[in-house]
Amino acid sequence: AALVELARRLAALPDDAPRRRVVLIAFTAEDLGLLGSAHYVKEPLFPLDKTVAMFNMDMVGRLQDDKLTIFGSGTAKRWDEMIDSLAKEYGFTVTKKPEGFGPSDHSSFYGKQIPVLHFFTGTHKDYHRPGDDWEKINPAGMRRVVEMIERMVLDTATTEPRPEYVAVKS
């Protein structure tokens, strides 16, 4: 739902924005070993040397206590300042994890030296269980997460220079 909402918002922008191409992808088989994203970076639709960043939304629908974890905050020099500013604006308590590798699709891109950000609202007792259903989603929280991501995507798509990749030891 977050990806579809982000797509809707970006599609509604005026024709003159953004300057860079934004590609929205829903990968499959993440839990089986990042199979979808690993396949994409081996056979990309658009050249990886033209891919300036990867923004990953994984489990962003159950925001609690305004706590948002963002992995990859150290993978580009400008992420930290932007995250801090937007987190304050959107009322999030953010835990920043600088590393670019982790248990989600952003890892496939970071392995190709592309700056990444992975947005995550935390695990819960229903994780990978039948009880993980739509009525437990926090729509207002998810909207705020998507709004913050939209701002970061648009900034990245319109600002020169491109985010500078940083290798982070993990």
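These figures come from a predicted structure and were not determined experimentally.

A few words on the packing of helix α3 (residues 79–90) against helix α5 (residues 139–158). One way to put it is that α3 packs onto α5 with a least axis distance of 11 Å and a crossing angle of 145°. Between α3 and α5 lies a crossing of right-handed hand. Contact with α3, carried on its side by Trp79, Met82, Ile83, Leu86, Ala87, Glu89 and Tyr90, involves Arg144, Glu147, Met148, Arg151, Met152, Asp155 and Thr156 of α5 and no other residues of that element. Taken together, the residues of the contact of α3 with α5 sort by class into eight nonpolar, one polar and five charged.

Glancing now at the nonpolar core. Membership of the largest hydrophobic core comes to 27 residues, with the highest contact counts inside it found for Trp79, Phe92, Phe119, Met148 and Met152. Of all the elements in the fold, those that place two or more residues in this core are α1 (2–11), β2 (67–71), α3, β4 (116–120) and α5. The leading source of residues in this core is α5, at eight residues. The contacts of Phe92, once residues within four sequence positions are left out, are Leu63, Asp66, Leu68, Ala87, Arg144, Val145 and Met148. One finds Leu48, Phe109, Ile114 and Val116 within the second-largest nonpolar core, a separate group that totals nine residues.

Our next topic: the sheet that holds β4. To summarise the sheet geometry, strands pair through backbone hydrogen bonds and adopt either a parallel or an antiparallel arrangement. Sheet architecture is open: four strands sit in the order β1-β4-β2-β3, paired in mixed fashion. One side of each edge strand has no neighbouring strand; the edge strands of this open sheet are β1 (54–57) and β3 (93–97). When strand polarity is set aside, the average angle formed by the axes of neighbouring strands in this sheet is 20°.

A few words now on the layout of surface pockets. Considering only enclosed or pocket space, the second largest pocket measures out at about 150 Å³ in volume. In this structure, the second largest pocket is lined by Arg62, Gln64, Asp65, Lys67, Leu68, Thr69, Phe120, Thr121, Gly122, Thr123 and His124. Looking at the lining of the second largest pocket, the element that brings in the most residues is β2, giving three residues. Split by residue class, the lining of the second largest pocket holds two nonpolar, six polar and three charged.

Looking at the secondary structure, you find Arg20 in the loop between α1 and α2 (35–42). Here Arg20 falls in the buried class, since its relative accessible area comes to 17%. Distance from Arg20 to Asn138, taken between C-alpha atoms, is 31 Å for residues 118 residues apart in sequence. Among all residues touching Arg20, those that are not within four sequence positions of it are Val52, Thr156, Ala157, Thr159, Glu160, Pro161 and Arg162. A distance of 2.8 Å separates a polar atom in the side chain of Arg20 from the backbone oxygen of Thr159.

The pairing of β2 with β3 spans five bridges and is classified as parallel. The residue bridging Thr69 from the neighbouring strand is Thr95, located in β3.

So, on to the side chain of Ser73. Here Ser73 lies in the loop between β2 and α3. By relative accessible area, Ser73 is classed as buried at 3%.

Below, the discussion takes up the packing of aromatic side chains. In total, this model carries seven aromatic pairs according to the counting rule given. Measuring from ring centre to ring centre gives 6.0 Å for Phe27 and Phe109, while their planes differ by 50°; the resulting arrangement is tilted. Highlighted residues: Phe27 in the loop between α1 and α2 and Phe109 in helix α4 (residues 106–110), separated in sequence by 82 residues. Note on Phe27: relative accessible area 22%, which makes it partly exposed. Here the aromatic cluster, defined as three or more aromatic residues joined through ring pairs, consists of Phe27, Tyr40 and Phe109.

Procedures and definitions
Residues numbered from 1 in each chain as written. Predicted model: local features only at pLDDT ≥ 70, side-chain atom pairs only at ≥ 80, totals over all residues. Heavy atoms only, no water. Axes fitted to C-alpha atoms, helices over the stretch in contact; angles between N-to-C directions. Helix = DSSP H or I, 4+ residues; strand = E, 2+ residues; numbered from the N terminus. Left-handed = near helix turned anticlockwise from the far one by under 90°. Contact = heavy atoms within 4.5 Å. Nonpolar A, V, L, I, M, F, W, Y, C, P; charged D, E, K, R; others polar. Core = buried A, V, L, I, M, F, W, Y, C linked by side-chain atoms within 4.5 Å. Buried < 20%, exposed > 50% of the residue type's maximum accessible area, 1.4 Å probe, protein only. Pairing = 2+ DSSP bridges. 1 Å grid on protein atoms, 1.4 Å probe; cavity = no way out; pocket = protein on both sides within 12 Å on 5 of 7 lines; lining within 4 Å. Points joined across faces, edges and corners; volume = space filled by probe spheres on them. Polar contact = N/O pair within 3.5 Å; in protein donor to acceptor, adjacent residues only side chain to side chain. Phe/Tyr/Trp six-rings, centres within 6.5 Å; stacked < 30°, edge-to-face > 60°.

Purely geometric stuff here, so don't read any function into it on its own.
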